[in-house]
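# Observations on the model geometry
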Amino acid sequence: MARLGEARWVFEDIPGEKIKDLAKQLGLPYLLVVVLWKRGLRDEISIKRFLNPSEEILHDPFLLPDMESAVTRLLAARDRNEKILVHGDYDTDGISGTALLIRGLARLGFNAGFYLPHRIRDGYGLSIKSIEEAKRINASLILTVDCGVTAIEESRILKEEGFELVITDHHVPLESLPEAAAVVDPKRKDSRYPFQELSGVGVAYKLLAALSSQVKNCDYDVNDDLDLVALGTIADVVPLKEENRFFAKFGLERLSESDKPGVSSLLEIAKMKGKAATSSNVAFGIAPRLNASGRMADGLMALRLLLTDEETEAKKLVTELDKHNNLRKQTEDAMLEDARVLTESIMAEPSTKVIICKSPEWHEGILGIVAARLVDEFYRPVILFTEKDGVLKGSARSIPGFHIFEALYSARDTISNFGGHEAAAGLVLQQTRFKAFNESINAYASSIPEEVFIQKLNLDAEIELSDIDDEIRNGINKLSPFGIGNPEPCFMTRGLEIVGNPRVFGKNHLAFTVRKSGATFPVMAFRKADLILTLEPGKKGALDIAYEIAEDNYWGKNTVKLIAKDIHLNIHSEE
């Protein structure tokens, strides 16, 4: 969350009697049905589908635009033994999508190689380097994953050079589409696909599902590689609902038992071996290590890890990735402090709507992470740039209700190249256009309702500490995996007393214990260590807390703790 007390706590009105009837009809706890209701699940069928996802929720892949053309062209390449270059991206979504396609195409009898651009040398997406690599391996067809839908000029050059192009992507297209044999993207304006929010690896999954349905005597099941699909789906922060919920839920189950040496080694180094995988430990334990390859060095290292069948090679590669991740953390901390100083200065102006900063000292591969951290702290869209030889390369992250791709599109006359979606984007512009870009983005922001820039914390229910029992915890577990579109339930309890002395742990985190009416729970408040002097032990009704309920398993014993999302101090509480 952003700064303490600045978030507006929001309760949505609910029809209590209707929810009670629905809970009775389903045989579920009332509080669980309240949470489901607030997620838009308000009838028996939708709730059962959500709680018990199956392959039945997967849509026909041929509903995706150009899927039939993509399959036809790829099958022709297979019949002619044409070499295909699978062109991915250097983040976890692009890396896992590339690994998925390489593994799946090999099982289906295709002749395919792979290429990932280098973030700093080559930049995002298709480029001249893509052509050079296709020529090097004698490929006649380039198949993209997680990129390509905005590559208008690059596709024209590829065509002139005699290459054919099949694009699979999930980013927002521009007004026109690239020249290609097929452009498979659920976000195309003419798309009739029922679910737009697939990740890049999700679109790759749909392509393999379509291909395998057309190959005779096929023994390949793309669900065998759901561990890879879960990695990219969770890491790319797409809404974990509908098809993405299927990918995440069953992919996490397969991840825990993966027979891929690379995945197994990742679980081991992240201390997840033998434990049930969750979306949280994938997002914070595995994805950062895979991303570190593309951020600090070369994404090919992470791709080779997901493709190797050799345990020795896997252990060597994952050790290198871990080193890069540690370097990434150090670089991120230094950049964050620097960017925070600039942001504090910008935020001194009350009318600030978008935080836009630049520095030639910043590492290009870390811009997106630091931008996301600043969004969390200041609750404003953030665009950060690094500068070299008069060119600014940037990364943008946004808040709900502020569509960052549309904001960039409004400033397109000032930008050399850009791509992305509602919550995140990348861009390039000339240093000489920075002022015009800044003015254009802020002009767009001035048209956005003020309400968008007020942080809201949506609460599922107000409960008492004594309500937290096995029934509530088991109900919450049924809702997992959690993420965007399906956040962990957030509850609120008023009038809590602090027991014992709060303590700081880690770099900036706070731990304390709360009590009310005989019920006591430990609380963890991340990045809120500055509160330690304001929390008074023994003061009844001292604070209200909005929190998530979490469980730890330590030496075989389950413990329950509260993860504070926001805290309100009650000044006039009893002594």
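Keep in mind that this is a model prediction, so the values were computed, not measured.

## Here's the deal with the overall build of the chain
A count of helical and extended segments in the chain gives 18 helices and 18 strands. Referenced to the eigenvectors of the C-alpha coordinate spread, the extents of the chain come out at roughly 80 × 55 × 50 Å. Within the chain, the proportion of its 575 residues that are buried is 56%. In the chain, 67% of the contacts between residues at least 6 apart in sequence involve partners at least 24 apart. For the chain, the accessible area works out to roughly 25500 Å², and carbon and sulfur atoms hold 49% of it. Of note, the chain has its 71 positive side-chain charges centred 2 Å away from the centre of its 87 negative side-chain charges.

## Points about the packing of aromatic side chains
This model, assessed by the stated rule, comprises 9 aromatic pairs. Plain terms: the ring middles of F505 and F526 are 6.2 Å apart, the flat faces sit at 70 degrees to each other, and that makes the pair edge-to-face. In this pair, F505 is assigned in strand β14 (residues 491-505) and F526 in the loop between β16 (519-525) and β17 (543-554), connecting sequence segments 21 residues apart. Since its relative accessible area comes to 35%, F526 is described here as partly exposed. Residue placement shows R245 over the ring face of F50; its charged tip is 3.7 Å from the ring centre. The ring of F453 has K353 sitting right over it, with the charged end atom 5.7 Å from the ring centre.

## A short note on the side chain of E377
Note that E377 resides in helix α15 (residues 367-378). One polar contact links E377 to R340, side chain to side chain, over a distance of 2.6 Å.

## Some words on the nonpolar core
Ranked by size, the top nonpolar core spans 71 residues in total, and within it L100, L211 and I286 carry the most contacts. Sorting elements by how many residues they give to this core places helix α8 (residues 200-214) first, with 8 residues.

## Notes on the environment of I468
Position of I468 among the secondary structure elements: in the loop between β13 (461-462) and α18 (470-479). Expressed as a C-alpha distance, the spacing of I468 and I549, which sit 81 residues apart in the sequence, is 8.4 Å. Look past the residues within four positions of I468 in its chain and what remains in contact with it is I463, F521, Y547, I549, V560 and L562.

## Digging into the sheet that holds strand β2 (residues 83-87)
Reading across the sheet, the 5 strands line up as β3-β2-β4-β5-β6 and stay open at both edges, with parallel pairing between neighbours. Where the open sheet ends on each side, the last strands, each with one partner, are β3 (111-115) and β6 (182-184). Going across the sheet, the axis of each strand differs from the next one's by a mean of 20 degrees, ignoring polarity. Relative to β6, strand β5 (residues 164-168) is paired through 3 bridges, and the arrangement is parallel. Within the sheet, the bridge partner assigned to I167 lies in β6 and is V183.

## Examining the confidence of the model for the chain
When pLDDT is averaged across the chain, the result is 93; 97% of the residues are at 70 or more. Within the model, pLDDT remains below 50 along residues 1-5, and this stretch shows 21 contacts once partners closer than five positions in the same chain are excluded.

## Notes on the pairing of β5
Within β5, 4 of the 5 residues are buried, leaving the element largely enclosed by the surrounding structure. Pairing of strand β4 (residues 139-145) with β5 involves 5 bridges; the strand directions are parallel. Residue pairing across strands places I142 opposite L165, the latter belonging to β5. Taking the sense of rotation as the criterion, the β-α-β connection linking β4, helix α7 (residues 152-160) and β5 turns out right-handed.

## Description of the sheet that holds strand β11 (residues 424-430)
The 5 strands lie next to each other as β7-β8-β9-β11-β10, forming an open sheet whose pairing is mixed. Only two strands of the sheet have a single partner each, and these edge strands are β7 (355-359) and β10 (417-420). On average, adjacent strands in this sheet sit at an angle of 15 degrees to one another, irrespective of strand direction. Across 7 bridges, the pairing between strand β9 (residues 391-397) and β11 is antiparallel. Residue pairing in the sheet places L392 in a bridge with L429 of β11.

## Thoughts on a negative patch on the surface
On the surface, a cluster of negative charge is made up of E55, D221, D224 and D259. For D221, a relative accessible area of 37% translates into the label partly exposed.

## Quick look at the pattern of salt bridges
Here the structure, examined in full by the defined rule, presents 39 salt bridges. Note that E153 is salt-bridged to R156, the shortest N-O span being 2.2 Å. You can see E153 and its partner R156 sitting in helix α7, 3 residues apart, about one turn around the helix. A salt bridge links E332 to R373; its shortest N-O distance comes to 2.8 Å. On the criterion of sequence distance, the pair formed by E332 in helix α14 (residues 311-347) and R373 in helix α15 is long-range, its members being 41 residues apart. Overlapping salt bridges, with partners in common, bring together R73, R80, E82 and E164 in one network.

## So, unusual backbone geometry
In this model, S480 is joined to P481 through a cis peptide bond whose omega is 5 degrees. As for its placement among the helices and strands, P481 is situated in the loop between α18 and β14. A positive phi angle, near 60 degrees, is found at N138, a position not held by glycine. On the secondary structure map, N138 appears in the loop between α6 (128-136) and β4.

## Focus: the packing of helix α11 (residues 261-269) against helix α12 (residues 279-296)
The contact between α11 and α12 brings their axes to 9 Å, and the two run at 120 degrees. The handedness of the crossing between α11 and α12 comes out as right-handed. Here L266, L267 and I269 of α11 lie close against α12, whose contacting residues are I286, R289 and L290.

## Examining helix α9 (residues 226-235)
Among the 10 residues in α9, 9 count as buried, and that is most of the element. Buried residues of α9: L226, D227, L228, V229, A230, L231, G232, T233 and I234, and no others. Close packing links the buried residues of α9 with α5 (92-107), α8, α10 (243-256), α11, α12 and α13 (300-307). Looking one or two residues past α9, V237 carries a phi angle of roughly 55 degrees, positive in sign.

## Points about the side chain of T386
Tracing the backbone shows T386 in strand β8 (residues 382-388). For T386, the contacting residues outside a window of four places in its chain are S359, P360, W362, E364, L367, V391, L392 and K393.

## Section: the pairing of β16
A regular strand carries its side chains on alternate faces of the sheet. Within β16, 5 of the 7 residues are buried, which leaves it mostly tucked inside the rest of the structure. Bridge count between strand β15 (residues 509-516) and β16: 7 bridges; the pairing is antiparallel. Bridged to K516 within β16 is A519. Counted along the chain from β15 to the antiparallel partner β16, the turn is 2 residues long, and its residue S517 has a positive phi close to 50 degrees. The sheet contact formed by β16 and strand β18 (residues 557-569) spans 2 bridges and is parallel. Residue pairing in the sheet places M524 in a bridge with I563 of β18.

Scoring rules and cut-offs
Residues numbered from 1 in each chain as written. Predicted model: local features only at pLDDT ≥ 70, side-chain atom pairs only at ≥ 80, totals over all residues. Heavy atoms only, no water. Helix = DSSP H or I, 4+ residues; strand = E, 2+ residues; numbered from the N terminus. Buried < 20%, exposed > 50% of the residue type's maximum accessible area, 1.4 Å probe, protein only. Contact = heavy atoms within 4.5 Å. Areas by Shrake-Rupley, 256 points an atom, 1.4 Å probe, with all protein chains shown as cover. Lys, Arg positive; Asp, Glu negative; His and termini not counted. Charge placed at Lys NZ, Arg CZ, Asp CG, Glu CD. Phe/Tyr/Trp six-rings, centres within 6.5 Å; stacked < 30°, edge-to-face > 60°. Lys NZ or Arg CZ within 6 Å of the ring centre and 35° of its normal. Polar contact = N/O pair within 3.5 Å; in protein donor to acceptor, adjacent residues only side chain to side chain. Core = buried A, V, L, I, M, F, W, Y, C linked by side-chain atoms within 4.5 Å. Pairing = 2+ DSSP bridges. Axes fitted to C-alpha atoms, helices over the stretch in contact; angles between N-to-C directions. pLDDT = per-residue confidence, 0-100. Right-handed = clockwise from strand over helix to strand, strands pointing away. Patch = residues over 30% accessible without salt bridge, like charges linked within 9 Å, V, L, I, M, F, W, Y side chains within 5 Å. Salt bridge = Lys/Arg side-chain N within 4 Å of Asp/Glu carboxyl O. Left-handed = near helix turned anticlockwise from the far one by under 90°.

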